[in-house]
Amino acid sequence: MRRVDLAGMRSLLTPEGWALLEALPPYDESRSFALGEQLRAEGHDPALVSAALTQSRLRARGHDKLGPFADAMLFTPDGLEQATRLSVAAHHARRFVGAGCERVVDLGCGLGSDAMAFAGLGLGVLAFDADELTAALATVNLRHWPDAEVRCADVTSLDLDNLLAAGDGVWLDPARRSTGRGGTSRRTFDPEAFSPPYSFVLDVAARVPATGAKLAPGIAHRLLPPDAEAQWVSFGGDVVECALWCGPLAREGVRRSALLLDGAGGIQELVVADPAPAPVGPVGAWLHEPDGAVIRAGLVGEVARELGGRLLDPTIAYLTTDGPAASAFARSYAVEDVLPFHLKSLRSYLRDRQVGTLTIKKRGSPVDPDQLRRQLRLSGSASATIALTRVADRQHVLVLRPLPRS
């Protein structure tokens, strides 16, 4: 966990600190040093000035995830990094509303972005976080919703049987970061190293029918309960979570799904009751790259069926077709050339075409794109896109022309 100035954070929660924070102009990195000097010269406590400017910077960063709500919130760097995007949190909230829940007990609320979405759709919220500072900041962030309450507690020690009432649902968002040497924060990929651990999530799901959880996108399918729905979510092409939905929160007959949010309000969802494998065949005239959420959900075969396409390799999620085809669940490219991978040959190929800007995509290739870019010594005014991948058990380079998104 990155170090947080606790004294400075506490000073922000005073009337003077809050007034200073709210009076700051929109954050401008180029002016922050001068502004800090000015505020200290006016007699403001240096720790308070530092904390206020840090919050101003975090609020500006928070706009990407939380929009204008960020302007009235308090953050820590780690808390903002782990916070759920408001557009994604809204989908979480709709699940609980659709299941008929009246209140959500949020076991590990962080800074409260999911709890805000729950409360914003009229659900009561009882939120917990084990960290005292985080719980205090979540209380501030939820202050506009009278039916939202935040408590500081270790959720694994709660008596859920006495805490929960009829009509309650439970939401869990286990922290997926651990503290290493020197207090540095790093992401952990071991589900039992989550906080709370994944076994606790499964225990809650076994006891509380309406349980939802935000899990790491890379969680293995074999670890998921067979009677739950797992939905992989991508935002702007980046896979951000695997949401686990149990009991009435899961849709009947759905075990795996992919939800794609484009960042501009566009939504696409792929739901398949019985996913089929994709055929395998040679490179065609078109290459299609399924969205990461589709790949994580194991639904590449459904996109192949939609496109009338095939895999280049049974273990690599590149699809190909002989004719033009498009899908909302894949990015499409025209294949302009197919080359065996040889560094010198590729360098000559790109030099002859005066390529100075190169986009390198890869799947199933051991080549490091940054190292390759240095080795190619590119120069020229043209740009190109290549994909490094395996074709017929050999490494190849596919020269691509990106097509407009459908």
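The rules behind the values
Along each chain, residue indices are assigned from 1 in the same order as the chain's sequence is written. Side-chain atom pairs in this predicted model are given and counted only at pLDDT of 80 or more, local residue features only at pLDDT of at least 70, and totals for whole chains, interfaces and linings cover all residues. Values reported for side chains reflect all heavy atoms of the structure, with hydrogen atoms and water molecules removed beforehand. Working definition: helices are DSSP H or I runs of at least four residues, strands are E runs of at least two. Numbering for both runs from the N terminus. The cut-offs for exposure are 20% and 50% of the maximum accessible area for each residue type, with area from a 1.4 Å probe on protein chains only; residues under the lower value are buried, those over the upper are exposed, and the others partly exposed. Contacts were defined at the residue level, with two residues in contact if any of their heavy atoms lie within 4.5 Å. Charge assignment: positive for Lys and Arg, negative for Asp and Glu; neither His nor the chain ends contribute. Charged groups are reduced to one reference atom each: NZ for lysine, CZ for arginine, CG for aspartic acid, CD for glutamic acid. Ring geometry is summarised as follows: Phe, Tyr and Trp rings, the Trp one being its six-membered ring, pair when their centres sit within 6.5 Å, and such pairs are stacked at plane angles under 30 degrees, edge-to-face over 60 and tilted between the two. Cation placement over rings: the criterion is NZ of Lys or CZ of Arg within 6 Å of the ring centroid and within 35° of the ring normal. Residue types Ala, Val, Leu, Ile, Met, Phe, Trp, Tyr and Cys, when buried and joined through side-chain atoms within 4.5 Å, form a set referred to as a nonpolar core. Paired strands, as defined in this entry, are two strands with at least two bridges between them according to DSSP. Between N-to-C directions, angles cover 0 to 180 degrees, with each direction set by a line fitted to C-alpha atoms, over the stretch in contact for helices. Identification of polar contacts relies on pairs of N or O atoms within 3.5 Å, with a donor-acceptor requirement for protein atoms, meaning one able to donate a hydrogen and the other able to accept it, and with residues adjacent in sequence counted only if both atoms are side-chain atoms.

S.K.: I'm lost on the overall build of the protein chain in this one. Help?
M.R.: Secondary structure summary: the protein chain contains 14 helices and 18 strands in total. Summarising its shape, the C-alpha atoms of the protein chain cover approximately 65 × 55 × 40 Å along the three principal directions. Counting every position in the protein chain, which comprises 406 residues, the buried fraction comes to 50%. Within the protein chain, contacts between residues separated by at least 24 positions form 67% of all contacts whose residues are at least 6 apart in sequence. Once the 44 positive and 48 negative side-chain charges of the protein chain are each reduced to a mean point, those two points are 9 Å apart.

S.K.: Would you explain the packing of aromatic side chains in this entry?
M.R.: Here the distance between the centres and the angle between the planes together describe a pair of aromatic rings. Per the counting criterion, the structure on display carries 5 aromatic pairs. Where Phe96 meets Trp171, the ring centres are 6.4 Å apart and the plane angle is 85°; that geometry is what we call edge-to-face. Linking Phe96 in helix H6 (residues 86–98) with Trp171 in strand S4 (residues 168–172), this pair joins segments that are 75 residues apart in sequence. Phe96 gets classed as buried once you look at its relative accessible area, which sits at 0%. Residue Trp171 is classed as buried on the basis of its relative accessible area, which comes to 0%. Taken together, the ring pairs in this structure connect Phe96, Phe118, Trp171 and Trp245 into an aromatic cluster. Cation over ring: Arg59 sits above Trp18, and NZ or CZ is 5.7 Å from the ring centre.

S.K.: Which parts of the structure should I look at to understand the nonpolar core?
M.R.: General note: in soluble globular proteins, nonpolar side chains tend to be found buried as a group. Judged by nonpolar contacts, the single largest core of 50 residues is most densely connected at Phe75, Phe96 and Phe118. Tallying contributions element by element places helix H4 (residues 46–66) first for this core, with 7 residues. Those residues in contact with Phe96 that lie beyond four places of it in its chain are Cys101, Val104, Phe118, Leu123, Gly169, Val170, Trp171, Ala210, Gly212, Trp245 and Leu249. Of all hydrophobic cores here, the second largest spans 44 residues; its members include Tyr198, Phe200, Val208 and Leu311.

S.K.: Before we go on, may I ask you to explain the sheet that holds strand S7 (residues 211–215) in this structure?
M.R.: Strands in a sheet are paired, the pairing made by backbone hydrogen bonds, and the direction either parallel or antiparallel. A sheet is described by the order of its strands in space; here 9 strands give the open sequence S3-S2-S1-S4-S7-S9-S8-S10-S11, paired in mixed fashion. The two strands at the open ends of the sheet, each matched to only one other strand, are strand S3 (148–152) and strand S11 (267–271). If you compare each strand with its neighbour and ignore which way they point, the axes differ by 20° on average. Of the strand pairs in this sheet, strand S8 (residues 229–235) and strand S9 (residues 238–245) are connected by 7 bridges, and their pairing is antiparallel. Along S9, the bridge assignment pairs Phe235 with Asp238. Of the strands in this sheet, strand S1 (103–107), strand S2 (124–129) and S4 are in contact with helix H7 (residues 113–120), which crosses S1 at around 175°.

S.K.: Teacher, can you tell me more about helix H14 (residues 369–376) here?
M.R.: Note that an α-helix has 3.6 residues per turn; residues three or four places apart therefore point the same way. Its side-chain oxygen placed 3.3 Å from the backbone nitrogen of Asp370, Asp368 serves as the N-cap of H14. Two residues or fewer past H14, Arg377 is found with a positive phi of approximately 50°.

S.K.: Could you clarify how one ought to interpret the pairing of S9 in this entry?
M.R.: Look at any regular strand and the pattern is simple: side chains alternate between the two faces of the sheet. Inspection of the sheet shows S7 paired to S9 by 4 bridges, in the antiparallel sense. Looking across to S9, one finds that Lys214 is bridged to Ala243. What sits between the antiparallel neighbours S8 and S9 is a turn of 2 residues, in which Gly236 has the positive phi angle 60°.

S.K.: Hey, could you run me through unusual backbone geometry in this one?
M.R.: Trans peptide bonds make up most of the peptide bonds, and negative phi angles are found at most residues other than glycine. A cis amide bond, omega 0°, links Ser195 with the succeeding residue Pro196. Inspection of the secondary structure puts Pro196 in the loop between strand S6 (185–187) and helix H10 (198–207). The backbone of Arg377 sits at a positive phi, close to 50°, despite the residue not being glycine. With respect to the element layout, Arg377 can be found in the loop between H14 and strand S17 (382–391). Overall, the relative accessible area of 55% leaves Arg377 in the exposed class. You will see that Asp393, though not glycine, has its phi angle at about 65°, which is positive. Mapped onto the elements, Asp393 comes out in the loop between S17 and strand S18 (394–402).

S.K.: It is not clear to me how the side chain of Asp291 should be interpreted in this structure. Could you clarify?
M.R.: Of note, Asp291 is situated in the loop between strand S12 (286–290) and helix H11 (292–297). In this structure Asp291 comes out as buried when scored by relative accessible area, which is 13%. One polar contact links Asp291 to Ser234, side chain to side chain, over a distance of 2.9 Å. In contact with Asp291, other than residues within four places in its own chain, are Ser234, Gly237, Leu260, Phe329 and Ala330.

Just distances and angles here, no functional claims.
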